[in-house]
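# Per-entry structural report
Listed below are the residues making up each chain.
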Amino acid sequence: MFTTRLISGIVLVILAAFLLVKGGTLLFLVSLAISLIGLFELYRVMKIEKELPGLVGYGAVLAYYAIVWTGMDRHVTFLAIAALMLLMTIYVFTFPKFTTEQITVAFFGIFYVGLMFSYLYQVRSMPDGKYLVWLIVLSSWGCDTCAYCAGMLLGKHKMAPKLSPKKTVEGAVGGVLGAALLGFLYGVYFEGHMVELARPGVISAAACAIAAVISQIGDLAASAIKRNHGVKDYGHLIPGHGGILDRFDSMIFTAPAIYFAVMFLGLR
């Protein structure tokens, strides 16, 4: 299992690096595919992956990505209202086929998986995006690694024992500090290339610290959903890692966190 997890992890890192460097249409299409697969995994937990509420969710995510691609952001609110109205119509006219929870999760998933993960592409499309997009990786996977090391060395106080017994407060703090340090070093190293970012080292550190805090919430949120429904993994697409939501649960949260942190803190 360890060997399988290691090999698939290395392959995943190589593919991620290629996509983030390449950007453009390819990253857009892969982000869309990952969003749809992740949404399918979430809906499968609720047993609506092939039902009408699920189809509405897939359609809404496709429509949202079309909005992102065309830059017609003013239609996002209309899309959200239309999706909710359609889901409620299905709920009413098929009652009692679907539960309130199924309809709620169908709507929730559009934002949780589709909208939030799209910010990977949106960060890459920002000014200096080819450098800023790596802050998502540093704050997500960097936080995981630093939190693991800090937890192993210093961990004593359980952070959320019922959700993740191995996670500690010390590990969480270590993850945030480690991500901030990685962000600072990265920002200082590429300072000459980030022409649109004020104080790259400081802003990169702050953005990574904020995103690292949020990434751990994302990780625990994904675990909470699984535990509520007695699911071990969301899928088996990535050998040794589970499904898309098992591997990208924290990145779903760090992508929009980096986007808005940079927008509000750092762009000139």
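This text goes with the structure placed above it.
Given the structure is predicted, the values throughout are model-derived calculations rather than measurements.

### Points about the packing of aromatic side chains
- All chains considered together, the criterion is met by 18 aromatic pairs.
- Judged by centre distance (4.7 Å) and plane angle (50°), the ring pair of Phe 28 and Trp 69 falls under tilted. Pair noted here: Phe 28 is in helix H2 (residues 24-45) and Trp 69 is in helix H3 (residues 52-70), with a separation of 41 residues, a long-range link.
- Owing to a relative accessible area of 44%, Trp 69 belongs among the partly exposed residues under this scheme.

### Considering unusual backbone geometry
- Pro 96 follows Phe 95 through a cis peptide bond whose omega is 5°.
- Structurally, Pro 96 can be placed in the loop between helix H4 (76-93) and helix H5 (100-117).
- Backbone geometry at Arg 199 places phi at a positive 45°, although glycine is not the residue there.

### Here we look at the nonpolar core
- If you look at the biggest cluster of nonpolar residues, it comprises 77 residues, and the most contacted ones within it are Tyr 112, Phe 117, Val 123, Ile 136 and Ile 258.
- Leave out the neighbours within four places in its chain, and Phe 117 touches Ser 31, Ile 34, Ser 35, Tyr 65, Phe 248, Met 251 and Ile 252.

### Observations regarding the packing of helix H8 (residues 134-154) against helix H10 (residues 200-228)
- Following both chains from N to C, one finds H8 and H10 inclined at 50°, their axes separated by 9 Å at the closest point. In terms of orientation, H8 and H10 fall into the oblique class. Helix-helix and strand crossings are classified by hand; for H8 and H10 the assignment is right-handed. Along its contact with H8, which presents Leu 135, Leu 138, Ser 139 and Cys 143, the element H10 presents Ser 204, Cys 208, Ala 211, Ala 212, Ser 215 and Gln 216.
- For the contact of H8 with H10, the residue count by class is 6 nonpolar, 4 polar and no charged.

### Concerning the state of the cysteines
- A complete count under the given rule lists 0 disulfides for this structure.
- There is no disulfide at Cys 146, and the cysteine sulfur nearest it, in Cys 149, is 6.6 Å away.
- On the basis of relative accessibility, which here comes to 21%, the residue Cys 146 falls in the partly exposed class.
- Cys 143 provides the cysteine sulfur closest to Cys 208, a residue in no disulfide bond, and the two sulfurs are 9.8 Å apart.

### Some words on H4
- An ideal rise of 1.5 Å per residue puts 26 Å on 18 residues; H4 measures up with 26 Å between its terminal C-alpha atoms.
- Within H4 the residues assigned to the buried category are Leu 79, Ala 80, Ala 83, Leu 87, Ile 90 and Tyr 91. The buried residues of H4 occupy an angular sector of 105° when projected down its axis, which confines them to one face. Relative to its buried face, H4 has exposed residues pointing more than 90 degrees away, namely Thr 77, Phe 78, Met 85, Val 92 and Phe 93.
- In this structure, the buried residues of H4 make contact with H3 and H5.

What counts as what
- Residues numbered from 1 in each chain as written.
- Predicted model: local features only at pLDDT ≥ 70, side-chain atom pairs only at ≥ 80, totals over all residues.
- Heavy atoms only, no water.
- Phe/Tyr/Trp six-rings, centres within 6.5 Å; stacked < 30°, edge-to-face > 60°.
- Helix = DSSP H or I, 4+ residues; strand = E, 2+ residues; numbered from the N terminus.
- Buried < 20%, exposed > 50% of the residue type's maximum accessible area, 1.4 Å probe, protein only.
- Core = buried A, V, L, I, M, F, W, Y, C linked by side-chain atoms within 4.5 Å.
- Contact = heavy atoms within 4.5 Å.
- Axes fitted to C-alpha atoms, helices over the stretch in contact; angles between N-to-C directions.
- Parallel < 35°, antiparallel > 145°, perpendicular 65-115°, else oblique.
- Left-handed = near helix turned anticlockwise from the far one by under 90°.
- Nonpolar A, V, L, I, M, F, W, Y, C, P; charged D, E, K, R; others polar.
- Disulfide = S-S within 2.5 Å.
- Expected span 1.5 Å × (residues − 1).
- Arc of directions from axis to C-beta.

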